[in-house]
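# Summary of the model geometry
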Amino acid sequence: MVKSPSLCGGRHEDGVRKVFAPFFSCCAVFVNIKSKKVAQKLSFLRNFATFFHKKLTMHTRGAFIVLEGCDRSGKSTQSQKLVDKLQKNGVDAKLIKFPDRDTECGKLIDEYLRQKKPLTDEGIHLLFSTNRWEAKNSIEESLMKGTTLICDRYSYSGVAFSVAKGMSLQWCKAPEEGLTKPDLVFLLTLPIEKIMQRGGFGGERYEKKQMQQEVIKIYELLKEDYWLEIDADQTQEALLDVLYNNSLEVIRKVGGKPLEHLWT
């Protein structure tokens, strides 16, 4: 049986290729277009996932809020009350304070402040600074985990009290450079006469009228745009409301901001 030349032979195969070539080209173009569209969609999804992840994680950082002011201006009381109120309202908040008298460095500071151990002005200034550096890693770890830290005194106290003793402002700021920068500093102010009337005033080394007046002046030099001066001459409840409302505002805004560092 003779095979039909229409169904076999090289010339016929070439003819088939020529006939269907445009179709195959269209298919290739179509597949290529579809592949590009799929790639574009995948790229879009990847970008969206990255954006969404950033949006989620940018709200995880806690706020670093410091209370400063002269001795007996209400910092310690209000710091604890502020933490309690934040926690009560669902905010992950923690109290820290300086000096931390539980560390080895802090124990030396405690003896100095209670006038049981003499130290040079330079020596005690560096001890205060070291005490804060001891806590730097734990502060930043807590903040990045989403915990808001309320800090009773910070670097500004160390600088203010040392400069009030006659030391150089720049020299006193230098050991603090690189420490974690607060998102908000409350400066509690109170007339010196009322400070002196508060219980316990005079029990520690720096609790003297002239020293406290000088410290107030230095705080004014240190103030920056993230500071908020608060009149502490009001009821504890009214003062707490002011601190709480301003803290909430900062906590809401700070989530996506990277940590910054002091005087760098």
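Up top is the structure these notes are about.
Residues numbered from 1 in each chain as written. Predicted model: local features only at pLDDT ≥ 70, side-chain atom pairs only at ≥ 80, totals over all residues. Heavy atoms only, no water.

## Looking at the sheet that holds strand β4 (residues 184–189)
One open sheet holds the 5 strands; their spatial order is β2-β3-β1-β4-β5, and the pairing between them is parallel. Each edge of the open sheet carries a strand with a single partner, namely β2 (93–97) and β5 (227–231). Taken pair by pair, the neighbouring strands of this sheet meet at an average axis angle of 20 degrees, ignoring direction. Pairing between β4 and β5: 5 bridges, direction parallel. Within β5, the residue paired with T189 across the bridge is D231. In this fold helix α9 (residues 209–222) packs onto β1 (64–69), β4 and β5, with an angle of close to 145 degrees to the strand it touches most, β5. (Pairing = 2+ DSSP bridges. Helix = DSSP H or I, 4+ residues; strand = E, 2+ residues; numbered from the N terminus. Axes fitted to C-alpha atoms, helices over the stretch in contact; angles between N-to-C directions. Contact = heavy atoms within 4.5 Å.)

## Here's the deal with unusual backbone geometry
The general pattern is negative phi for most residues beyond glycine and trans for most peptide bonds. With omega at 0 degrees, the peptide bond leading from F98 into P99 counts as cis. Take P99: it is sitting in the loop between β2 and α3 (104–113).

## Points about the nonpolar core
Generally speaking, a soluble globular protein has its nonpolar side chains buried in company with each other. F64, L86, Y154 and Y156 are the most contacted members of the largest nonpolar core, which totals 65 residues. In terms of residue count, helix α10 (residues 236–254) provides more of this core than any other element does, 8 residues in total. Contact partners of Y156, with chain neighbours within four places excluded, come to E68, P182, V185, Y219, L222, Y226, W227, L262 and W263. (Core = buried A, V, L, I, M, F, W, Y, C linked by side-chain atoms within 4.5 Å. Buried < 20%, exposed > 50% of the residue type's maximum accessible area, 1.4 Å probe, protein only.)

## Details of the pattern of salt bridges
Working definition: two side chains of opposite charge can pair if their charged atoms are close together. Summed over the entire model, instances satisfying the criterion amount to 15 salt bridges. Two residues, D233 and K194, come together in a salt bridge whose shortest N-O distance is 2.7 Å. One end of the pair, D233, is in the loop between β5 and α10; the other, K194, is in helix α8 (residues 192–197), with 39 residues separating them in the sequence. Here D233 falls in the partly exposed class, since its relative accessible area comes to 37%. (Salt bridge = Lys/Arg side-chain N within 4 Å of Asp/Glu carboxyl O.)

## A closer look at the packing of aromatic side chains
Under the defined criterion, the tally for this structure stands at 6 aromatic pairs. Here Y156 and W227 contribute two aromatic rings whose centre-to-centre distance is 4.9 Å and whose plane-to-plane angle is 80 degrees, an arrangement assigned as edge-to-face. Of this pair, Y156 sits in helix α6 (residues 155–164) while W227 sits in strand β5, and the two are 71 residues apart along the sequence. Neither Y156 nor W227 differs from the other in exposure class; each is buried. In this arrangement the basic side chain of K85 is found over the ring face of Y244, its NZ or CZ atom lying 4.7 Å from the centre. (Phe/Tyr/Trp six-rings, centres within 6.5 Å; stacked < 30°, edge-to-face > 60°. Lys NZ or Arg CZ within 6 Å of the ring centre and 35° of its normal.)

The analysis is restricted to geometry; functional conclusions fall outside its scope.
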